[in-house]
Amino acid sequence: MSGPAEILGEMLATSERALAFTGAGISTESGIPDFRGPNGVWTKFDPNEFNFQNYVADPDHRRRVWKMRLESWDTQYEPNDGHRALADLERLGIIDCVVTQNIDRLHQAAGSTVVLELHGNAREVVCLSCGARQPASAAHDRVRAGEDDPACLLCGGILKSATISFGQPMPEDIVEEAFYRARQCDLCLVVGSSLVVYPAAGVPLEAKHAGARLVILNQSETEMDGLADLVINEPAGAVLSEAARIAARLRAR
Ligand code: NAD
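None of these values were measured; they are calculated from a predicted model.

1. Re the overall build of the protein
Point 1. Per the secondary structure count, the protein includes nine helices and nine strands.
Point 2. Taken over the C-alpha atoms alone, the protein extends approximately 60 × 30 × 30 Å along its principal axes.
Point 3. Evaluated residue by residue, the protein yields a buried proportion of 49% over its 253 residues.
Point 4. Restricting the contact set of the protein to residue pairs at least 6 apart, pairs at least 24 apart contribute 68%.
Point 5. In the structure as shown, the protein presents an accessible area of about 12200 Å², 51% of it carried by carbon and sulfur atoms.
Point 6. One way to put it: in the protein the 24 positive side-chain charges average out to a point 3 Å from where the 35 negative ones average out.

As structure tokens, this is what we get:
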């Protein structure tokens, strides 16, 4: 009898245009905690505090955020088997793009070249007034040197990590492209997302409604499981690498 990785491998091998939709769960095997898993960030911090409105309005909150970011900045994270398998599937011509909610850039580090970041990335900072961007490392150097809330050097505006916080508008062009590609794909593979953050979670829904097969690979149940053609409740890395190997073998025939 076929196991879930075999079934997924066969589904991938017959796909002409697959879309991977990833969340924090694909990066937990790299050591980065998710938000809503059993050891997630929201078991330690109050999600209501970390929103865009507080960041803009409250300098004390910004100081706390810069301090926290600096504390985690020095830890280097590496892509894991799950990220590498998705990059392999792109090279095989199976995966058309990765739409990610993650801000860690590990898909790109693993070799994926078409990555749509719905929630921005943590490697850059952006000025909320003039829009200027710069590497986050430059802002962190200033915090290390004693500035607790560094302002934009060009216009004096508020600097913020180039990530999208709760309550902050999403990048329209990227969201539009993600939904467009969702309508074009024939297989949507969700990996490591609780599928509760919208509008991002609308991407797999859009794919399913447009006729794609839907696979959910997530350690815990999601509200969309009932819509899925295949649900796998296992750690993502091993399943994805096995499925990618099987898909490569079947494609080579
Ligand atoms: P989430 O925390 O809401 O859900 C993660 C899901 O992944 C959980 O359901 C959990 O059961 C599952 N999971 C954990 N480890 C897994 C594994 N090894 N294999 C398979 N499944 C696993 O995450 P979300 O849906 O991405 O939404 C949260 C928001 O958090 C996103 O907007 C994202 O921007 C942000 N975030 C990003 C990172 C990152 O960049 N790595 C980390 C934390 C949060």
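2. Re the layout of surface pockets
Point 1. What the second largest pocket holds in volume is close to 280 Å³.
Point 2. What lines the second largest pocket is a set of 18 residues, and nearest its centre among them are Val-126, Arg-133, Ala-162, Ile-164 and Gln-168.
Point 3. When residues of the lining of the second largest pocket are traced back to their parent elements, those giving at least two are β4 (120-127) and β6 (159-163).
Point 4. Examining the composition of the lining of the second largest pocket, we find that four residues originate from one element, β4, more than from any other.

3. A look at the pattern of salt bridges
Point 1. As enumerated under the stated definition, the model contains 17 salt bridges in all.
Point 2. Among the ionic pairs, Arg-64 bridges to Glu-49, the shortest N-O distance being 2.6 Å. Within this pair, whereas Arg-64 is found in helix α3 (residues 59-73), its partner Glu-49 is found in the loop between β1 (18-22) and α2 (52-57), the two being separated by 15 residues in sequence.
Point 3. For Glu-49, a relative accessible area of 24% puts it in the partly exposed group.
Point 4. The shortest N-O distance in the salt bridge between Glu-242 and Arg-245 comes to 2.9 Å. Within this pair, Glu-242 and its partner Arg-245 are both found in helix α9 (residues 236-252), separated by three residues, close to a single helical turn.
Point 5. The class for Arg-245 is exposed, based on a relative accessible area of 52%.

4. Description of the sheet that holds β6
For sheets, the rule is that strands pair by backbone hydrogen bonds, running either parallel or antiparallel.
Point 1. Pairing in this open sheet of three strands is antiparallel, and the strands run β5-β4-β6 from one edge to the other. Bordering the open sheet on either side are β5 (133-135) and β6, each of which pairs with just one other strand. Sheet twist, expressed as the mean angle between neighbouring strand axes with direction ignored, is 40°.
Point 2. Packing against the sheet, helix α6 (residues 136-144) makes contact with β4, β5 and β6, and its axis sits at approximately 75° to β5.

5. What to know about the nonpolar core
Point 1. Counting residues in each nonpolar core, the largest one holds 27 residues, and the members touching the most others are Leu-8, Leu-12, Leu-86, Leu-89, Leu-189 and Leu-240.
Point 2. The set of elements that each furnish at least two residues to this core consists of α1 (4-13), β1, α4 (81-91), β2 (95-100), β7 (187-191), β8 (213-217), β9 (230-232) and α9.
Point 3. When residues of this core are assigned to their parent elements, the largest contribution, six residues, is made by α9.
Point 4. The contact partners of Leu-8, leaving out residues within four places of it in the chain, are Leu-189, Val-215, Leu-230, Ile-232, Val-239, Leu-240 and Ala-243.
Point 5. Core analysis: the next-biggest nonpolar cluster, separate from the first, contains 24 residues, Leu-19, Phe-179, Cys-185 and Ile-216 among them.

The rules we used
- Residues numbered from 1 in each chain as written.
- Predicted model: local features only at pLDDT ≥ 70, side-chain atom pairs only at ≥ 80, totals over all residues.
- Heavy atoms only, no water.
- Helix = DSSP H or I, 4+ residues; strand = E, 2+ residues; numbered from the N terminus.
- Buried < 20%, exposed > 50% of the residue type's maximum accessible area, 1.4 Å probe, protein only.
- Contact = heavy atoms within 4.5 Å.
- Areas by Shrake-Rupley, 256 points an atom, 1.4 Å probe, with all protein chains shown as cover.
- Lys, Arg positive; Asp, Glu negative; His and termini not counted.
- Charge placed at Lys NZ, Arg CZ, Asp CG, Glu CD.
- 1 Å grid on protein atoms, 1.4 Å probe; cavity = no way out; pocket = protein on both sides within 12 Å on 5 of 7 lines; lining within 4 Å.
- Points joined across faces, edges and corners; volume = space filled by probe spheres on them.
- Salt bridge = Lys/Arg side-chain N within 4 Å of Asp/Glu carboxyl O.
- Pairing = 2+ DSSP bridges.
- Axes fitted to C-alpha atoms, helices over the stretch in contact; angles between N-to-C directions.
- Core = buried A, V, L, I, M, F, W, Y, C linked by side-chain atoms within 4.5 Å.

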